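# Understanding the architecture of this molecule
The primary structure of each chain is shown beneath.
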Amino acid sequence: MEKTKFIWINGKFVKWENAKIHILSHALHYGSGVFEGIRCYKTNKGPAIFRLNEHIDRLFNSAKFLKIKIPFNKNQIKKAIIELIKINKVDECYIRPIVFYGYGKMGLNPQGAEINCAIAVWPWGKYLKDKVKVKISKFIRLHPKSIISEAKVCGYYINSIFATLDAKENNFDEALLLDYRGYVAEGPGENIFIVKNKIIYTPKLGNILPGITRDSVIRIAKDLNFKVVEKDITVNELKNCDEAFFTGTAAEITPIIQIDNKLINKGKEGEITKILKDKFQKIVHGEDNNYKNWLTYVK
Ligand code: PMP
(Lines give C-alpha, C1' and ligand atoms only; values in the text may rest on other atoms or scores of the structure.)
Protein backbone atom coordinates (compact mmCIF):
# COMPACT_ATOMS: atom_id res chain seq x y z
CA MET A 1 0.00 0.00 0.00
CA GLU A 2 1.01 3.54 -0.67
CA LYS A 3 2.08 5.25 2.54
CA THR A 4 1.28 8.75 3.65
CA LYS A 5 3.15 10.69 6.30
CA PHE A 6 0.80 10.80 9.28
CA ILE A 7 -1.87 8.72 10.97
CA TRP A 8 -4.22 10.16 13.58
CA ILE A 9 -4.41 8.11 16.78
CA ASN A 10 -6.44 9.08 19.84
CA GLY A 11 -6.26 12.76 19.06
CA LYS A 12 -2.63 12.96 17.92
CA PHE A 13 -0.96 12.93 14.54
CA VAL A 14 1.84 10.36 14.59
CA LYS A 15 4.25 9.28 11.87
CA TRP A 16 2.92 6.43 9.71
CA GLU A 17 5.76 4.15 10.93
CA ASN A 18 4.96 4.84 14.57
CA ALA A 19 1.24 4.09 14.42
CA LYS A 20 1.44 0.95 16.57
CA ILE A 21 -0.73 -0.86 19.12
CA HIS A 22 -0.16 -3.52 21.76
CA ILE A 23 -0.18 -7.17 20.65
CA LEU A 24 -2.78 -7.91 23.33
CA SER A 25 -5.29 -5.47 21.92
CA HIS A 26 -8.74 -6.96 22.31
CA ALA A 27 -9.79 -6.29 18.71
CA LEU A 28 -6.80 -8.15 17.29
CA HIS A 29 -7.96 -11.31 19.05
CA TYR A 30 -11.73 -11.02 18.71
CA GLY A 31 -12.49 -8.46 16.01
CA SER A 32 -14.09 -6.11 18.54
CA GLY A 33 -13.87 -2.92 16.56
CA VAL A 34 -15.89 -0.92 14.08
CA PHE A 35 -14.67 0.93 11.05
CA GLU A 36 -15.53 2.93 7.97
CA GLY A 37 -14.28 3.25 4.43
CA ILE A 38 -14.68 6.68 2.90
CA ARG A 39 -13.33 8.22 -0.29
CA CYS A 40 -11.99 11.67 -0.93
CA TYR A 41 -11.92 12.81 -4.57
CA LYS A 42 -10.06 15.42 -6.52
CA THR A 43 -12.29 18.30 -7.68
CA ASN A 44 -11.56 21.68 -9.20
CA LYS A 45 -12.18 23.19 -5.75
CA GLY A 46 -9.66 20.91 -4.05
CA PRO A 47 -10.18 17.51 -2.40
CA ALA A 48 -13.77 16.65 -1.45
CA ILE A 49 -14.95 13.86 0.85
CA PHE A 50 -17.96 11.91 -0.38
CA ARG A 51 -20.87 11.68 2.09
CA LEU A 52 -18.69 12.23 5.13
CA ASN A 53 -21.64 12.88 7.44
CA GLU A 54 -23.36 9.61 6.56
CA HIS A 55 -20.15 7.63 7.06
CA ILE A 56 -19.49 9.20 10.45
CA ASP A 57 -23.10 8.59 11.48
CA ARG A 58 -22.70 4.94 10.51
CA LEU A 59 -19.41 4.70 12.45
CA PHE A 60 -21.03 6.02 15.63
CA ASN A 61 -24.06 3.81 15.11
CA SER A 62 -21.85 0.71 14.65
CA ALA A 63 -19.91 1.64 17.81
CA LYS A 64 -23.11 1.91 19.82
CA PHE A 65 -24.02 -1.72 19.11
CA LEU A 66 -20.63 -2.85 20.39
CA LYS A 67 -21.02 -0.63 23.50
CA ILE A 68 -18.05 1.42 22.43
CA LYS A 69 -18.26 4.97 23.68
CA ILE A 70 -16.12 6.91 21.23
CA PRO A 71 -14.09 9.43 23.25
CA PHE A 72 -14.56 12.11 20.55
CA ASN A 73 -17.69 13.63 19.11
CA LYS A 74 -18.66 13.44 15.44
CA ASN A 75 -17.37 16.92 14.68
CA GLN A 76 -13.99 16.15 16.20
CA ILE A 77 -13.68 13.03 14.04
CA LYS A 78 -14.70 14.94 10.91
CA LYS A 79 -12.21 17.70 11.71
CA ALA A 80 -9.47 15.12 12.31
CA ILE A 81 -10.16 13.56 8.89
CA ILE A 82 -10.00 16.92 7.14
CA GLU A 83 -6.83 17.90 8.98
CA LEU A 84 -5.22 14.54 8.20
CA ILE A 85 -5.90 14.91 4.48
CA LYS A 86 -4.37 18.38 4.60
CA ILE A 87 -1.20 17.47 6.44
CA ASN A 88 -0.67 14.41 4.27
CA LYS A 89 -1.04 16.62 1.20
CA VAL A 90 -3.12 14.11 -0.78
CA ASP A 91 -5.75 15.29 -3.24
CA GLU A 92 -7.43 11.91 -3.63
CA CYS A 93 -7.49 9.13 -1.04
CA TYR A 94 -9.28 6.40 0.82
CA ILE A 95 -10.07 7.19 4.44
CA ARG A 96 -10.14 4.49 7.11
CA PRO A 97 -11.42 5.46 10.56
CA ILE A 98 -11.39 2.60 13.07
CA VAL A 99 -12.50 2.47 16.70
CA PHE A 100 -11.73 -0.63 18.73
CA TYR A 101 -11.30 -2.23 22.11
CA GLY A 102 -7.59 -2.13 22.81
CA TYR A 103 -5.25 -3.23 25.57
CA GLY A 104 -6.11 -4.05 29.15
CA LYS A 105 -8.61 -6.86 29.06
CA MET A 106 -8.94 -10.35 27.57
CA GLY A 107 -11.99 -12.57 27.47
CA LEU A 108 -15.23 -11.98 25.70
CA ASN A 109 -16.54 -9.10 27.72
CA PRO A 110 -14.61 -6.25 26.12
CA GLN A 111 -15.87 -3.60 28.47
CA GLY A 112 -12.99 -2.26 30.49
CA ALA A 113 -10.45 -2.49 27.70
CA GLU A 114 -9.24 0.88 26.52
CA ILE A 115 -10.97 2.41 23.51
CA ASN A 116 -8.68 3.33 20.65
CA CYS A 117 -9.63 5.55 17.81
CA ALA A 118 -7.50 5.94 14.69
CA ILE A 119 -7.75 7.37 11.18
CA ALA A 120 -5.50 6.61 8.23
CA VAL A 121 -5.66 8.01 4.72
CA TRP A 122 -3.79 6.79 1.67
CA PRO A 123 -4.11 6.82 -2.11
CA TRP A 124 -6.06 3.74 -3.13
CA GLY A 125 -6.93 3.45 -6.80
CA LYS A 126 -9.19 0.79 -8.22
CA TYR A 127 -10.31 -1.81 -5.69
CA LEU A 128 -11.68 -4.19 -8.31
CA LYS A 129 -10.97 -4.66 -12.02
CA ASP A 130 -12.99 -2.54 -14.49
CA LYS A 131 -15.36 -5.46 -15.03
CA VAL A 132 -15.61 -8.48 -12.77
CA LYS A 133 -16.34 -12.19 -12.90
CA VAL A 134 -18.18 -13.28 -9.80
CA LYS A 135 -18.56 -16.62 -8.05
CA ILE A 136 -21.60 -17.35 -5.97
CA SER A 137 -19.92 -18.28 -2.74
CA LYS A 138 -20.20 -21.53 -0.87
CA PHE A 139 -20.19 -19.32 2.23
CA ILE A 140 -23.43 -17.54 3.13
CA ARG A 141 -23.70 -14.05 4.59
CA LEU A 142 -23.79 -13.97 8.38
CA HIS A 143 -27.28 -14.71 9.68
CA PRO A 144 -29.00 -11.48 10.76
CA LYS A 145 -29.77 -13.08 14.09
CA SER A 146 -26.07 -13.88 14.63
CA ILE A 147 -24.98 -10.28 14.20
CA ILE A 148 -26.31 -6.77 13.74
CA SER A 149 -26.41 -6.39 9.96
CA GLU A 150 -26.43 -2.61 9.91
CA ALA A 151 -23.18 -2.34 11.90
CA LYS A 152 -19.78 -2.39 10.21
CA VAL A 153 -17.87 -4.54 12.67
CA CYS A 154 -14.27 -5.72 12.13
CA GLY A 155 -14.98 -9.32 13.14
CA TYR A 156 -17.72 -9.77 10.54
CA TYR A 157 -15.16 -9.52 7.79
CA ILE A 158 -13.84 -13.00 8.37
CA ASN A 159 -16.96 -14.13 6.48
CA SER A 160 -15.97 -11.83 3.59
CA ILE A 161 -12.38 -13.09 3.72
CA PHE A 162 -13.41 -16.75 3.47
CA ALA A 163 -15.66 -15.92 0.52
CA THR A 164 -12.93 -13.89 -1.20
CA LEU A 165 -10.28 -16.59 -0.77
CA ASP A 166 -12.69 -19.16 -2.21
CA ALA A 167 -13.51 -16.93 -5.21
CA LYS A 168 -9.83 -16.23 -5.95
CA GLU A 169 -8.90 -19.89 -5.59
CA ASN A 170 -11.46 -20.61 -8.32
CA ASN A 171 -10.12 -17.85 -10.60
CA PHE A 172 -12.98 -15.40 -10.11
CA ASP A 173 -12.46 -11.71 -9.36
CA GLU A 174 -14.96 -11.45 -6.55
CA ALA A 175 -17.43 -13.45 -4.49
CA LEU A 176 -21.15 -13.00 -4.14
CA LEU A 177 -22.78 -14.19 -0.95
CA LEU A 178 -26.36 -15.40 -0.60
CA ASP A 179 -28.30 -14.88 2.59
CA TYR A 180 -29.41 -17.68 4.90
CA ARG A 181 -32.61 -18.11 2.85
CA GLY A 182 -30.74 -18.50 -0.44
CA TYR A 183 -31.53 -15.04 -1.80
CA VAL A 184 -28.84 -12.75 -3.20
CA ALA A 185 -27.22 -10.72 -0.41
CA GLU A 186 -24.03 -8.85 -1.29
CA GLY A 187 -20.36 -9.06 -2.19
CA PRO A 188 -17.63 -9.31 0.48
CA GLY A 189 -17.41 -5.51 0.54
CA GLU A 190 -20.02 -4.38 -1.97
CA ASN A 191 -23.76 -4.21 -2.46
CA ILE A 192 -25.23 -5.56 -5.68
CA PHE A 193 -27.73 -4.28 -8.24
CA ILE A 194 -29.25 -5.97 -11.27
CA VAL A 195 -31.15 -4.55 -14.24
CA LYS A 196 -33.96 -6.40 -16.04
CA ASN A 197 -36.13 -4.82 -18.74
CA LYS A 198 -34.75 -1.40 -17.75
CA ILE A 199 -35.89 -1.77 -14.13
CA ILE A 200 -33.19 -1.64 -11.47
CA TYR A 201 -33.36 -4.13 -8.61
CA THR A 202 -31.30 -4.45 -5.44
CA PRO A 203 -31.70 -6.67 -2.37
CA LYS A 204 -33.78 -5.01 0.32
CA LEU A 205 -32.17 -4.19 3.67
CA GLY A 206 -32.13 -6.71 6.50
CA ASN A 207 -29.39 -9.16 5.63
CA ILE A 208 -26.88 -6.74 4.12
CA LEU A 209 -24.83 -3.71 5.07
CA PRO A 210 -26.83 -0.58 4.24
CA GLY A 211 -24.23 0.77 1.85
CA ILE A 212 -23.86 4.49 1.39
CA THR A 213 -22.99 3.98 -2.28
CA ARG A 214 -26.10 1.79 -2.58
CA ASP A 215 -28.15 4.63 -1.14
CA SER A 216 -26.49 7.12 -3.50
CA VAL A 217 -27.11 4.93 -6.56
CA ILE A 218 -30.78 4.48 -5.66
CA ARG A 219 -31.14 8.27 -5.38
CA ILE A 220 -29.27 8.94 -8.63
CA ALA A 221 -31.22 6.28 -10.54
CA LYS A 222 -34.56 7.66 -9.32
CA ASP A 223 -33.48 11.20 -10.21
CA LEU A 224 -32.74 9.89 -13.71
CA ASN A 225 -36.30 8.49 -13.80
CA PHE A 226 -35.37 4.85 -13.57
CA LYS A 227 -37.60 2.59 -11.57
CA VAL A 228 -35.72 1.10 -8.60
CA VAL A 229 -37.12 -1.87 -6.69
CA GLU A 230 -35.69 -3.16 -3.40
CA LYS A 231 -36.67 -6.80 -3.05
CA ASP A 232 -35.52 -10.37 -2.50
CA ILE A 233 -33.62 -11.48 -5.60
CA THR A 234 -33.30 -15.17 -6.49
CA VAL A 235 -30.21 -16.75 -8.05
CA ASN A 236 -32.31 -17.46 -11.12
CA GLU A 237 -33.27 -13.78 -11.46
CA LEU A 238 -29.65 -12.83 -10.91
CA LYS A 239 -28.30 -15.13 -13.59
CA ASN A 240 -30.96 -14.05 -16.08
CA CYS A 241 -30.57 -10.31 -15.62
CA ASP A 242 -29.65 -7.91 -18.42
CA GLU A 243 -26.98 -6.10 -16.38
CA ALA A 244 -25.43 -6.38 -12.94
CA PHE A 245 -23.06 -4.25 -10.95
CA PHE A 246 -21.49 -3.88 -7.52
CA THR A 247 -21.51 -0.69 -5.48
CA GLY A 248 -19.24 0.28 -2.61
CA THR A 249 -16.92 3.00 -1.43
CA ALA A 250 -13.85 1.05 -2.51
CA ALA A 251 -15.45 -0.60 -5.57
CA GLU A 252 -17.50 2.50 -6.57
CA ILE A 253 -19.71 1.15 -9.41
CA THR A 254 -18.19 -1.98 -10.93
CA PRO A 255 -19.92 -3.86 -13.76
CA ILE A 256 -20.38 -7.61 -13.27
CA ILE A 257 -19.93 -9.45 -16.55
CA GLN A 258 -20.08 -13.06 -15.40
CA ILE A 259 -21.77 -14.97 -12.58
CA ASP A 260 -20.43 -18.49 -12.13
CA ASN A 261 -20.32 -19.76 -15.72
CA LYS A 262 -23.06 -17.48 -17.01
CA LEU A 263 -22.09 -14.40 -19.00
CA ILE A 264 -24.09 -11.26 -18.23
CA ASN A 265 -24.87 -8.93 -21.13
CA LYS A 266 -22.57 -11.06 -23.33
CA GLY A 267 -19.66 -10.23 -21.05
CA LYS A 268 -19.92 -6.47 -21.54
CA GLU A 269 -20.67 -3.55 -19.27
CA GLY A 270 -24.38 -2.71 -19.39
CA GLU A 271 -25.86 0.51 -20.78
CA ILE A 272 -27.70 1.56 -17.62
CA THR A 273 -24.67 0.60 -15.54
CA LYS A 274 -22.60 2.97 -17.65
CA ILE A 275 -25.10 5.82 -17.29
CA LEU A 276 -25.07 5.44 -13.50
CA LYS A 277 -21.31 5.02 -13.36
CA ASP A 278 -20.65 8.16 -15.39
CA LYS A 279 -23.13 10.17 -13.35
CA PHE A 280 -21.57 8.90 -10.10
CA GLN A 281 -18.08 9.89 -11.26
CA LYS A 282 -19.30 13.40 -12.13
CA ILE A 283 -20.96 13.78 -8.74
CA VAL A 284 -17.98 12.62 -6.68
CA HIS A 285 -15.68 14.89 -8.65
CA GLY A 286 -17.85 17.91 -7.89
CA GLU A 287 -19.18 18.32 -11.42
CA ASP A 288 -22.87 18.12 -10.56
CA ASN A 289 -24.37 20.88 -8.45
CA ASN A 290 -27.54 18.92 -7.70
CA TYR A 291 -25.56 16.69 -5.37
CA LYS A 292 -23.20 19.21 -3.83
CA ASN A 293 -24.56 18.44 -0.35
CA TRP A 294 -22.85 15.07 -0.65
CA LEU A 295 -19.39 16.64 -0.72
CA THR A 296 -17.34 18.04 2.15
CA TYR A 297 -14.50 20.13 0.77
CA VAL A 298 -11.11 19.94 2.45
CA LYS A 299 -10.18 23.57 2.92
N1 PMP B 1 -21.36 -4.47 1.97
C2 PMP B 1 -20.28 -4.72 2.72
C3 PMP B 1 -20.17 -6.01 3.42
C4 PMP B 1 -19.25 -3.76 2.80
O5 PMP B 1 -18.16 -4.00 3.53
C6 PMP B 1 -19.37 -2.56 2.10
C7 PMP B 1 -18.27 -1.54 2.17
N8 PMP B 1 -18.41 -0.70 3.26
C9 PMP B 1 -20.52 -2.33 1.34
C10 PMP B 1 -21.50 -3.32 1.31
C11 PMP B 1 -20.74 -1.05 0.60
O12 PMP B 1 -20.95 -0.02 1.52
P13 PMP B 1 -20.56 1.49 1.19
O14 PMP B 1 -21.21 1.81 -0.09
O15 PMP B 1 -21.12 2.26 2.33
O16 PMP B 1 -19.09 1.55 1.11
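Residues numbered from 1 in each chain as written. Predicted model: local features only at pLDDT ≥ 70, side-chain atom pairs only at ≥ 80, totals over all residues. Heavy atoms only, no water.

### Focus on the pattern of salt bridges
The tally for this structure, following the rule as stated, stands at 23 salt bridges. Between Lys129 and Asp173 there is a salt bridge, with the nearest N and O atoms lying 2.9 Å from each other. Here Asp173 lies in the loop between helix H4 (157–169) and strand S9 (174–178) and Lys129 lies in the loop between strand S7 (115–122) and strand S8 (132–136), a separation of 44 residues in the sequence. When its relative accessible area of 53% is taken as the criterion, Lys129 is described as exposed. On the basis of relative accessibility, which here comes to 11%, the residue Asp173 falls in the buried class. (Salt bridge = Lys/Arg side-chain N within 4 Å of Asp/Glu carboxyl O. Helix = DSSP H or I, 4+ residues; strand = E, 2+ residues; numbered from the N terminus. Buried < 20%, exposed > 50% of the residue type's maximum accessible area, 1.4 Å probe, protein only.)

### Here we look at the packing of helix H5 (residues 212–223) against helix H7 (residues 271–284)
Packed helix pairs are characterised by how far apart their axes lie and by the angle those axes make with each other. Close contact between H5 and H7 brings their axes to 11 Å; oriented N to C, the two are set at 110°. Here H7 runs roughly perpendicular to H5, going by the angle between their axes. In this structure, H5 contributes Thr213, Val217, Ile220 and Ala221 to the contact, and H7 contributes Leu276, Lys279, Phe280 and Ile283. Here the residues of the contact of H5 with H7 sort into six nonpolar, one polar and one charged. (Axes fitted to C-alpha atoms, helices over the stretch in contact; angles between N-to-C directions. Parallel < 35°, antiparallel > 145°, perpendicular 65-115°, else oblique. Contact = heavy atoms within 4.5 Å. Nonpolar A, V, L, I, M, F, W, Y, C, P; charged D, E, K, R; others polar.)

### Brief notes about H5
Along its 12 residues, H5 runs 16 Å from first to last C-alpha, staying within 8% of the 16 Å computed at 1.5 Å per residue. All buried positions along H5 are accounted for by Ile212, Thr213, Arg214, Ser216, Val217, Ile218, Ile220 and Ala221. (Expected span 1.5 Å × (residues − 1).)

### Side note on the domain arrangement of the chain
Domain assignment breaks the chain into domain 1 (6–122) and domain 2 (132–284). The gap between the C-alpha centroids of domain 1 and domain 2 is 26 Å. Each partner contributes to the roughly 1,800 Å² buried at the junction of domain 1 and domain 2, and carbon and sulfur atoms together form 64% of this total. The largest per-residue losses of area from domain 1 upon contact with domain 2 belong to Phe35, Tyr41 and Arg58, which jointly make up 33% of the total buried on that side. Linking domain 1 with domain 2 are one salt bridge. Where Asp215 meets Arg51, a salt bridge forms, and the shortest distance between an N and an O atom there is 2.8 Å. Here domain 1 is connected to domain 2 by 12 residue pairs in polar contact (both at pLDDT 80 or more). Residue assignment for the side of domain 1 that touches domain 2 shows that the elements contributing at least two residues are strand S3 (33–35), strand S4 (38–41), helix H2 (52–65) and strand S6 (93–101). (Domains from an automatic or database assignment. Buried area = accessible area lost by both parts, 1.4 Å probe. Polar contact = N/O pair within 3.5 Å; in protein donor to acceptor, adjacent residues only side chain to side chain.)

### Brief notes about the site of the ligand
If you check the shell around the ligand, you find 16 residues, and the closest are Tyr157, Glu186, Ile212, Thr213 and Thr249. Glu186 has a polar side-chain atom sitting 2.7 Å from a nitrogen atom of the ligand. Thr213 is positioned such that a nitrogen or oxygen atom in its side chain is 2.5 Å from an oxygen atom of the ligand. For the ligand, the accessible surface in isolation is 390 Å², of which the surrounding protein chains cover 96%. (Near = heavy atom within 4 Å. Areas by Shrake-Rupley, 256 points an atom, 1.4 Å probe, with all protein chains shown as cover.)

### A short note on a nonpolar patch on the surface
Nonpolar side chains collect at one region of the surface, where Ile23, Leu24, Leu28, Tyr30, Tyr103, Met106 and Leu108 lie side by side and expose about 740 Å² of accessible area between them. Secondary-structure assignment places Met106 in the loop between S6 and S7. (Patch = residues over 30% accessible without salt bridge, like charges linked within 9 Å, V, L, I, M, F, W, Y side chains within 5 Å.)

### A closer look at the environment of Val153
Note on placement: Val153 falls in the loop between S8 and H4. Spatially, the C-alpha atom of Val153 lies 9.6 Å from that of Ile98, the residues being 55 residues apart in sequence. Those residues in contact with Val153, other than ones at most four positions away along the chain, are Gly31, Gly33, Val34, Phe35 and Leu66.

### Notes on the packing of H2 against helix H3 (residues 74–88)
Their axes nearest at 10 Å, the elements H2 and H3 cross at an angle of 125°. The angle between H2 and H3 places the two elements in the oblique class. Every pair of crossing elements has a handedness; the one defined by H2 and H3 is right-handed. Listed contacts from H3 to Leu52, Asn53, Ile56, Asp57 and Phe60 of H2 are Lys74, Ile77, Lys78 and Ile81. (Left-handed = near helix turned anticlockwise from the far one by under 90°.)

### Examining the pairing of strand S12 (residues 199–202)
Here strand S11 (residues 191–196) runs beside S12; their pairing, made up of three bridges, is antiparallel. Directly across from Lys196, in S12, lies its bridge partner Ile199. From the end of S11 to the start of S12, which pair antiparallel, there are two residues, and Asn197 there has a positive phi angle of about 50°. By the bridge criterion, three bridges tie S12 to strand S13 (residues 228–230) in an arrangement that is parallel. Residue pairing for S13: Tyr201 is matched across the bridge by Val229. Read as a crossover between parallel neighbours, the route from S12 over H5 to S13 is right-handed. (Pairing = 2+ DSSP bridges. Right-handed = clockwise from strand over helix to strand, strands pointing away.)

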